[in-house]
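# Structural overview
Listed here are the chains, written in short residue letters.
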Amino acid sequence: MTDYETLRTRHAEQAEAQIPQHQERIMWSQERLHEERQDRLRALLQVAKDRSPWHRERLANVDAATATVSDLRSVPPMTKQDMMANLDGIFTDRRLTHRLVEDHLNSLEDDRYLLDELHVVASGGSSGTRGVFVYDWDGWLQCRLMLLRFSVRHQQRYFPTGERPMVGWVAAGKATHMTFAMGRTFGSGAGVVVIPATLPLSEIVLKLNELKPDILAGFPTMLYPLAGEARAGRLRISPKLVRPGSEPLLPEIRAAIEAAWGCPVLNVYGTSEGASASSCGQSRGMHLNDDLVIFEPVDAKGAPVSRGQRAAKLYVTNLYNYAQPLIRYELTDETLLIDGPCPCGSAMQRVEDIEGRTDDVFQYAGGVIVHPLTFRSELGRHPEITEYQVVQRPRGAAVAIRTITPLDTDALGAKIVAALRRSGLSEPDVTVQIVDGFDRQQTGKLKRFVPLTATESQ
């Protein structure tokens, strides 16, 4: 078994060497992007049919040698539940089993390779359903480079050649989470300091004040209260760039960050499944990394959605990771494709900031559906609110908030009650409570909207 540092260094050196290639990809034409997707799709389908028993049956009517992107629509989508129930049959490396992978995850205290070449991460997901994902050597490398390429271009614009900015990354402090593991594999010694989001807020502020990062990165639900700490004068840093990522970026969070630091907010969308998008800094929204992932925006029933229409979810096909093929895999992130060319010159498709998931919708008795925007519209109006969580109750919701100055919770509750009535909920029951903090998931993420369980809704 090769020691971790030798493997990590080899991986990091390969990533550094391939950065120029990925910078070129940003400016590929639509035709070149289409050719890349087509070639990679056929290669992926062939591997899946040859090495994955589960996919072999699922793709029985697909000719890998001639398949086109449009042919994917004949393949039924796969959900996280499908994947977790059939992991042994999905893996293309016959050494892998669900048990081996879980044992590896359970033993992790720091980043570590499995079988000297694989990386395993878990998503406890804000959707509430846990997922396990195995990346082969090149898959882990390509995932990193996709997330990195727009960031490198930003840094070249804001920092002199050869200057390596200090990055303060407030993210997962758990080795099973992608942000932590990828930061360790490729970030060690590269000016990246990971600060666990699960630490008390006061301790995170102290560490950031000591670090004085040039770039502040992290979960939006952590950057939001940090912006409040900056406004209150307790967080004393002056980042040149802020990079939110790994969670939906809500408009009020973006506004709070911009007000606190007055610097560009360059959003990054990334999932444990390997789908990602990044802001180019020259227009609204983000560019999907659609040279290496096929994105299919669809409505709630799975029908294709056109540009300019909001999609209830995405079907994604990861074209670069062969260890655990994800083909038409369902992500419940709500998206809106932006039409028209981007001033930056990249032909990669743009989407608006991801603001939520279909899993966040509250469903009440009598068929009443309440979108998270109903709550966000009221909560986002108050700059004194630095963080919030909304937990559905059978007849309304329990709202917990953190504030930097006093707030009339009764008045806020009355406004939310009125908004719920307008949404069709009769006699809503709403409580608003000021709290000192929130219980985050083990990864450090915060589930902002918590729907009722099936049992609770009965």
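Residues numbered from 1 in each chain as written. Predicted model: local features only at pLDDT ≥ 70, side-chain atom pairs only at ≥ 80, totals over all residues. Heavy atoms only, no water.

Read across the sheet, three strands follow the order 10-12-13 without closing on themselves; strand pairing throughout is antiparallel. Looking at strand neighbours, the two that pair on one side only are strand 10 (293-298) and strand 13 (329-331), the edges of this open sheet. Shown here is a sheet whose adjacent strand axes are inclined to one another by a mean of 30°, direction ignored. Across six bridges, strand 10 lies against strand 12 (residues 313-318) in antiparallel orientation. Its bridge partner being in strand 12, Phe295 is matched across the sheet by Val316. (Pairing = 2+ DSSP bridges. Helix = DSSP H or I, 4+ residues; strand = E, 2+ residues; numbered from the N terminus. Axes fitted to C-alpha atoms, helices over the stretch in contact; angles between N-to-C directions.)

Taking 1.5 Å per residue, 22 residues should reach 32 Å; helix 1 (residues 4-25) reaches 30 Å between its end C-alpha atoms and fits that length. The largest bend along helix 1 measures about 40° and falls at Ile19, with the proline Pro20 one to four residues further on. Regarding helix 1, the residues found buried are Tyr4, Leu7, Arg8, His11, Ala12, Ala15, Gln18, Ile19, His22, Gln23 and Arg25. Buried positions along helix 1 lie against helix 2 (30-51), helix 7 (137-158) and helix 8 (178-187). One side-chain oxygen of the residue at the start of helix 1 lies 3.3 Å from the amide nitrogen of Glu5, identifying that residue as Asp3. (Expected span 1.5 Å × (residues − 1). Bend = angle between axes of the 7 residues up to and from the residue. Buried < 20%, exposed > 50% of the residue type's maximum accessible area, 1.4 Å probe, protein only. Contact = heavy atoms within 4.5 Å. Polar contact = N/O pair within 3.5 Å; in protein donor to acceptor, adjacent residues only side chain to side chain.)

A few words now on the side chain of Ser272. Relative to the helices and strands, Ser272 is located in the loop between strand 7 (268-270) and strand 8 (276-278). What Ser272 contacts, discounting residues up to four positions off in sequence, is Val121, Ala122, Ser123, Phe133, Tyr135 and Met178.

As enumerated under the stated definition, the model contains nine aromatic pairs in all. Centre to centre, the rings of Phe362 and Phe449 are 6.4 Å apart; their planes meet at 70°, and the pair counts as edge-to-face. With a gap of 87 residues between them, Phe362 in strand 16 (residues 362-364) and Phe449 in strand 21 (residues 449-450) connect regions that are remote in the sequence. A residue is classified by how much of its surface remains accessible, and Phe362, at 1% relative accessible area, is buried. With a centroid separation of 6.4 Å and an interplanar angle of 45°, the aromatic rings of Phe375 and Phe449 are classed as tilted. Taken together, the residues span a long stretch of sequence, with Phe375 in helix 12 (residues 373-379) and Phe449 in strand 21 at a distance of 74 residues. In this structure Phe375 comes out as buried when scored by relative accessible area, which is 0%. A connected cluster of aromatic rings, assembled from ring pairs, spans Phe362, Tyr364, Phe375, Tyr388 and Phe449. One Lys or Arg, Arg32, reaches over the ring of Trp28 and ends 4.1 Å from the middle of that ring. (Phe/Tyr/Trp six-rings, centres within 6.5 Å; stacked < 30°, edge-to-face > 60°. Lys NZ or Arg CZ within 6 Å of the ring centre and 35° of its normal.)

A few words on the pairing of strand 18 (residues 385-393). In terms of burial, strand 18 is largely enclosed, as eight of its nine residues are buried. Bridging between strand 18 and strand 19 (residues 396-403) involves eight bridges; their strand directions are antiparallel. Within the sheet, the bridge partner assigned to Gln389 lies in strand 19 and is Ala400. Hairpin connection, strand 18 to strand 19: the antiparallel pair is bridged by two residues. Bridge analysis of strand 18 against strand 21 gives two bridges, and the strand direction is parallel. Across the sheet, residue Val390 finds its bridge partner in strand 21, namely Phe449.

Let us look at the sheet that holds strand 7. Read from one edge of the open sheet, six strands run 7-8-9-15-14-11, paired in antiparallel fashion. One side of each edge strand has no neighbouring strand; the edge strands of this open sheet are strand 7 and strand 11 (310-311). Bridging between strand 9 (residues 286-288) and strand 15 (residues 350-351) involves two bridges; their strand directions are antiparallel. Residue pairing in the sheet places His287 in a bridge with Arg350 of strand 15.

Every α-helical turn comprises 3.6 residues, leaving residues that sit three or four positions apart pointing alike. Residues Val101, Glu102, His104 and Leu105 constitute the buried set of helix 6 (residues 98-107). Looking down the long axis of helix 6, one finds its buried residues gathered within 160° of arc, a one-sided arrangement. For helix 6, the exposed residues lying more than 90 degrees away from the buried face are Arg99 and Asn106. Buried positions along helix 6 lie against helix 4 (80-85), strand 1 (119-123) and strand 2 (131-135). (Arc of directions from axis to C-beta.)

Quick look at the nonpolar core now. Counting 111 residues, the largest nonpolar core has Leu226, Trp261, Phe375 and Leu379 as its most contacted members. With eight residues, the single largest contributor to this core is helix 7. Listed in part, the 13 residues of the second largest apolar core include Leu45, Val62, Ala67 and Leu72. (Core = buried A, V, L, I, M, F, W, Y, C linked by side-chain atoms within 4.5 Å.)

So, about unusual backbone geometry. Positive phi outside glycine occurs at Arg328, with the angle close to 60°. Mapped onto the secondary structure, Arg328 falls in the loop between strand 12 and strand 13. Residue class for Arg328 comes out buried when judged on its relative accessible area of 5%. Even without a glycine there, the phi angle at Glu427 is positive, about 50°. In this fold, Glu427 is placed in the loop between helix 13 (409-422) and strand 20 (429-434).

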